[in-house]
Amino acid sequence: MTAGSPFPNAISTTTTSRLSRQQQKIETDTQRSYDETEDFVKHINTKKDSIDFIIHGGDYTEFGMKKEYEWTVNILSKLDIPYVGLIGNHDVIGNGDQVFNKLFGEENFSFIVRDVKFVCLNTNAIEYDYSHPVPDFGFLKEELQDSTRHYSRTIVAMHARPGSEQFDNNVKDVFQLYIREFPSLLFCLNAHNHQLQVEDLFDDGIIYYGCSNIAKRNYLLFTLTPDGYTYEIINF
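The rules behind the values
- Residues numbered from 1 in each chain as written.
- Predicted model: local features only at pLDDT ≥ 70, side-chain atom pairs only at ≥ 80, totals over all residues.
- Heavy atoms only, no water.
- Helix = DSSP H or I, 4+ residues; strand = E, 2+ residues; numbered from the N terminus.
- Contact = heavy atoms within 4.5 Å.
- Areas by Shrake-Rupley, 256 points an atom, 1.4 Å probe, with all protein chains shown as cover.
- Axes fitted to C-alpha atoms, helices over the stretch in contact; angles between N-to-C directions.
- Left-handed = near helix turned anticlockwise from the far one by under 90°.
- Nonpolar A, V, L, I, M, F, W, Y, C, P; charged D, E, K, R; others polar.
- Buried < 20%, exposed > 50% of the residue type's maximum accessible area, 1.4 Å probe, protein only.
- Salt bridge = Lys/Arg side-chain N within 4 Å of Asp/Glu carboxyl O.

**Here's the deal with the overall build of the protein chain**
Scanning the protein chain for helices and strands turns up six helices and eleven strands. Partitioning the contacts of the protein chain with sequence separation of at least 6, the portion at a separation of at least 24 is 72%. A total accessible area of about 10200 Å² is found for the protein chain, and carbon and sulfur atoms account for 49% of it.

**Details of the packing of helix α2 (residues 66-76) against helix α4 (residues 96-104)**
Relative orientation of the contacting elements α2 and α4 amounts to 35°, with a least axis distance of 9 Å. Seen along the crossing, α2 lies across α4 with a hand that is right-handed. Between α2 and α4, the residues in contact are Lys66, Tyr69 and Val73 and Gly96, Val99, Phe100, Leu103 and Phe104, respectively. Considered class by class, the residues forming the contact of α2 with α4 number six nonpolar, one polar and one charged.

**Here's the deal with the environment of lysine 78**
Tracing the sequence through the fold places lysine 78 in the loop between α2 and β3 (83-85). For lysine 78, a relative accessible area of 43% puts it in the partly exposed group. Sequence-wise, lysine 78 and lysine 42 are 36 residues apart; in three dimensions their C-alpha atoms are separated by 8.4 Å. Beyond its immediate chain neighbours, meaning those up to four positions away, lysine 78 contacts Glu38, Val41 and Asn45.

**Comments concerning the pattern of salt bridges**
Throughout the structure, instances matching the rule amount to ten salt bridges. In this structure, the salt-bridge partner of arginine 217 is aspartate 39, at a minimum N-O distance of 3.0 Å. Taken together, the residues span a long stretch of sequence, with arginine 217 in the loop between β9 (208-210) and β10 (218-225) and aspartate 39 in helix α1 (residues 34-45) at a distance of 178 residues. For glutamate 70, the salt bridge goes to lysine 67, with nearest N and O atoms at 3.7 Å. In this pair, glutamate 70 and lysine 67 are both assigned in helix α2, three residues apart and thus about one turn of the helix distant. Classification of glutamate 70 by relative accessible area gives partly exposed; the value is 35%. On the basis of relative accessibility, which here comes to 44%, the residue lysine 67 falls in the partly exposed class.

Next up, the structure:
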């Protein structure tokens, strides 16, 4: 795990040596907001001793172009802490998903930090005209059955949440039932809507936290403790 680089997809990892808590943050939808992304990186690097890693919620690009990916990844490479990359609907356009795969790896992946499993999903169904298994229930089933890695809590992250125009809403209820099978699902993270959102979408106690696009110059900071978690909205 190196600073300024995405996590290797589907590889377990650990955070720093702090025992009492871990901090992660989510930022997203950086497409066409290169100045704001530069400022974000400078801001985060002043806090590198208190943040363990970053989740980018997707939409590195506007048109899925290789050059757009390169511009954004070049900026993010200046981060002093690692980041995880999810795929957004704009990242799929054209052959953009192939560029994503080359840069970051699989579109569906998981990793474990201490006792928490992060399940990261491609939920941009409409971009595939429903010809691609999105969300991929086969992947979710494999993750649920995986007994090779120990964890006791779960966080699910995606670009488009259930109910959005990108999600395959024919299966949204089944999707929610699947992810609730993971051990102690803490909450879900999403991007795409370009606004801060905190909602119990299914009235089942599972909160979906939505992050603003980077142009609004804020992000969500989560602190995970042995007993639960807290979150803050940070402006920069």
